[in-house]
Amino acid sequence: MIKGNQKLLNVLRFVIDISILVLSFYLSYILRFDEEYSVLIRLRIIDEPIGLYGTFKQYAQMLPLLIPCYVVSYYLFHLYDPKRVTSRRAQLINIFKANIVGILYCTAALYFIKSGNYARLFILIFVALNFSFEIFFRLAITTILRKFRKKGHNLKHVLLVGYGRTAKAYIDRIFSHPEWGYVVHGILDDSRQNGKSYRDIQVIGDVSDLEEILATNSYDEIAITLGIDNYNQLEGIVAITEKSGVHTKFIPDYNNVIPTKPYTEDLDGLPVIHVRNVPLTNSFNKFVKRAMDIVGSLCAIILFSIPMLVISIIIKATSDGPLIFKQERIGIHSKPFMMYKFRSMAVQQESEEKKGWTTKNDPRVTPIGKIIRKTSLDELPQFFNVLKGEMSLVGPRPERPQFVEKFKEEIPRYMVKHQVRPGITGWAQVNGYRGDTSIRLRVDCDLYYIENWSVMLDIKILLLTVVKGFVNENAY
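Residues numbered from 1 in each chain as written. Predicted model: local features only at pLDDT ≥ 70, side-chain atom pairs only at ≥ 80, totals over all residues. Heavy atoms only, no water.

A. Fine view of the pairing of strand β4 (residues 201–205). Pairing between strand β2 (residues 182–188) and β4: two bridges, direction parallel. Looking across to β4, one finds that Leu 188 is bridged to Gly 205. In terms of strand pairing, strand β3 (residues 197–198) meets β4 through two bridges, oriented antiparallel. In the sheet register, Tyr 198 faces β4, and the bridge partner there is Ile 201. In textbook terms, the turn of a hairpin is the stretch between consecutive antiparallel strands, and for β3 and β4 this stretch comprises two residues, one of which, Arg 199, has a positive phi near 55 degrees. (Pairing = 2+ DSSP bridges. Helix = DSSP H or I, 4+ residues; strand = E, 2+ residues; numbered from the N terminus.)

B. Highlighting the nonpolar core. Of all hydrophobic cores here, the largest spans 39 residues; its most connected members are Phe 342, Phe 383, Tyr 414, Trp 427, Tyr 449 and Ile 461. Tallying contributions element by element places helix α17 (residues 439–451) first for this core, with six residues. If you look at the next biggest cluster of nonpolar residues, it comprises 27 residues, including Leu 21, Phe 25, Leu 66 and Cys 106. (Core = buried A, V, L, I, M, F, W, Y, C linked by side-chain atoms within 4.5 Å. Buried < 20%, exposed > 50% of the residue type's maximum accessible area, 1.4 Å probe, protein only.)

C. Fine view of unusual backbone geometry. The backbone of Arg 199 shows a phi angle near 55 degrees, a positive value even though the residue is not glycine. Here Arg 199 lies in the loop between β3 and β4. Judged by its relative accessible area of 38%, Arg 199 is partly exposed. The phi dihedral of His 333 falls on the positive side, at around 60 degrees, and the residue is not glycine. Along the chain, His 333 turns up in the loop between β9 (324–330) and β10 (336–342). For His 333, a relative accessible area of 56% gives the class exposed.

D. Spotlight on the environment of Ala 98. Looking at the secondary structure, you find Ala 98 in helix α5 (residues 88–113). Separated by 20 residues in sequence, Ala 98 and His 78 place their C-alpha atoms 9.2 Å apart. When neighbours within four sequence positions are excluded, Ala 98 is seen to be in contact with Ser 73, Tyr 74, Phe 77 and Leu 79. (Contact = heavy atoms within 4.5 Å.)

E. Spotlight on the packing of aromatic side chains. By the definition in use, this model includes twelve aromatic pairs. On the numbers, 6.2 Å between centres and 70 degrees between planes, the contact of Phe 25 with Phe 126 is edge-to-face. In this pair, Phe 25 is assigned in helix α1 (residues 2–33) and Phe 126 in helix α6 (residues 120–150), connecting sequence segments 101 residues apart. Phe 126 shares its class with Phe 25; the two are buried. Where Tyr 59 meets Phe 122, the ring centres are 4.8 Å apart and the plane angle is 85 degrees; that geometry is what we call edge-to-face. One end of the pair, Tyr 59, is in helix α3 (residues 56–59); the other, Phe 122, is in helix α6, with 63 residues separating them in the sequence. Neither residue differs from the other here; Tyr 59 and Phe 122 are each classed as buried. A connected cluster of aromatic rings, assembled from ring pairs, spans Phe 25, Tyr 29, Tyr 59, Tyr 70, Tyr 74, Phe 122 and Phe 126. (Phe/Tyr/Trp six-rings, centres within 6.5 Å; stacked < 30°, edge-to-face > 60°.)

F. Layout of the pattern of salt bridges. One pass over the full model with this rule turns up 14 salt bridges. Glu 379 is the salt-bridge partner of Lys 341, the closest N and O atoms lying 3.8 Å from each other. Taken together, the positions of Lys 341 in strand β10 and Glu 379 in the loop between α13 (367–374) and α14 (382–388) put the pair 38 residues apart, joining distant regions of the chain. Under the relative-accessibility criterion, Glu 379 is labelled buried at 17%. Where Lys 388 meets Glu 390, a salt bridge forms, and the shortest distance between an N and an O atom there is 3.4 Å. The structure contains a network of salt bridges with shared partners spanning Asp 17, Glu 134 and Arg 138. (Salt bridge = Lys/Arg side-chain N within 4 Å of Asp/Glu carboxyl O.)

G. Region of interest: the sheet that holds β4. With respect to topology, six strands assemble into an open sheet ordered β3-β4-β2-β1-β5-β6, the strand pairing being mixed. Edge positions in the sheet fall to β3 and β6 (247–250), since each of these pairs with one other strand and no more. Along the sheet face, helix α7 (residues 165–176) touches β1 (156–161), β2, β3, β4, β5 (221–224) and β6 and points at about 160 degrees away from the line of β2. Contacts between helix α9 (residues 234–244) and the sheet are confined to β1, β5 and β6, with β5 contributing the most and set at about 175 degrees to the helix. (Axes fitted to C-alpha atoms, helices over the stretch in contact; angles between N-to-C directions.)

H. Broad picture of empty space enclosed by the protein. Under the counting rule described, the total for this entry stands at four cavities of 30 Å³ or more. Roughly 50 Å³ of internal volume is contained in the largest cavity. Together, Arg 397, Glu 399, Phe 407, Tyr 414, Lys 417, Ile 439, Arg 442, Val 443 and Asp 446 line the largest cavity. For the lining of the largest cavity, the leading source of residues is α17, giving four residues. Residue classes in the lining of the largest cavity are distributed as four nonpolar, no polar and five charged. (1 Å grid on protein atoms, 1.4 Å probe; cavity = no way out; pocket = protein on both sides within 12 Å on 5 of 7 lines; lining within 4 Å. Points joined across faces, edges and corners; volume = space filled by probe spheres on them. Nonpolar A, V, L, I, M, F, W, Y, C, P; charged D, E, K, R; others polar.)

I. Inspection of the packing of helix α4 (residues 63–76) against α6 at higher detail. Interhelical geometry of α4 versus α6 gives an angle of 45 degrees and a closest axis separation of 14 Å. Put simply, α4 runs oblique to α6. Between α4 and α6 lies a crossing of right-handed hand. Along the contact surface, α4 presents Leu 66, Tyr 70 and Tyr 74, while α6 presents Phe 126, Val 127, Asn 130, Glu 134 and Arg 138. Taken together, the residues of the contact of α4 with α6 break down into five nonpolar, one polar and two charged. (Parallel < 35°, antiparallel > 145°, perpendicular 65-115°, else oblique. Left-handed = near helix turned anticlockwise from the far one by under 90°.)

Given below as structure tokens:
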């Protein structure tokens, strides 16, 4: 039943996608060329009336090439795959990519076959309209289906094989997202008695009962949630489920070791899973991020040059000692570097400075120091660290050597953060983990950032840093 519904839904999507393409194409022609409807012509932004680049009939000759290019692009970016657990954000990104690739395919093909002379503004209007209509249609379908599933329709019936932390985590997520439309009918496990339950989902038999249960029930999916100690049963379970023809999923019991999005490669037919995927190990990604850092730090230095000059004058006028405070921190590949700050405390011996963090009402903090620490203005010289390549605009905050030695023994995966450049701001900071806050939660945020890095994530963090402000309530 589910498979039939999915096929019908895909046919509907396919038909509506083509209809949207044709409608966007027609409206783009009207908006670009029609003297009555084109705002651009009426405002005399452009002067070419309809017909200069050809009639609509001539333009329509482009459609037999454009439609297949777009449909293939939609397929390549998984817009016809089931969308039960896909986020709206992921859908939006895939629609954007599909539209860009679709029009590139089409314009490249038109160039090589030398087909006509098409206005560039027309193409831009078409891309914008089609993208907007497609987003509206896809998100509307997603919203309708989610409401439909919440009411108990279009459900997917699931049987779990294996009772343990993986099964519990799977059930927790199913209960948290009724809009996905999953219903778990029971668990098979050899080490639990029948009737044992978790959130009202009961153990209904042993793993050896799987073949008989599949023969007498119509499940849409089997989710294998075995504990890692029972993986010797995996091959036999998969053989039974494939024999029955039911769709099978495997939820691994090593998420505490391997990240959510592991990087895999094919070693001449042998699948290899990398324990951690770090996008910034890619040369192109590193180049893009470094270019952003150079441009961003130069702009910031120019923008904050006057505030930095004012702070420098006040520091020099109100306390003795150097203007810039240099402190050793651990950076990328665990290499030490000297991080710059405006001095906000009285000069002290290095042995005293290493004892620990600043405390509330710390007498060592100068009057101007209290202000620039609270507002994070003492961090401005770190833009020079970014320019030198020791830091990045966005990344995990760097820590002092003595604390790195301490935390790497106490907090699992702490040292992973040193696979990327440390940052002035980061995912942990915009989520409130600044100053005297949980190191463990801060590391969790750092790991999320490292494994999910993208240009858009960096931009999001920078915008959140600006929107939420630079005031640090945990800075003393």
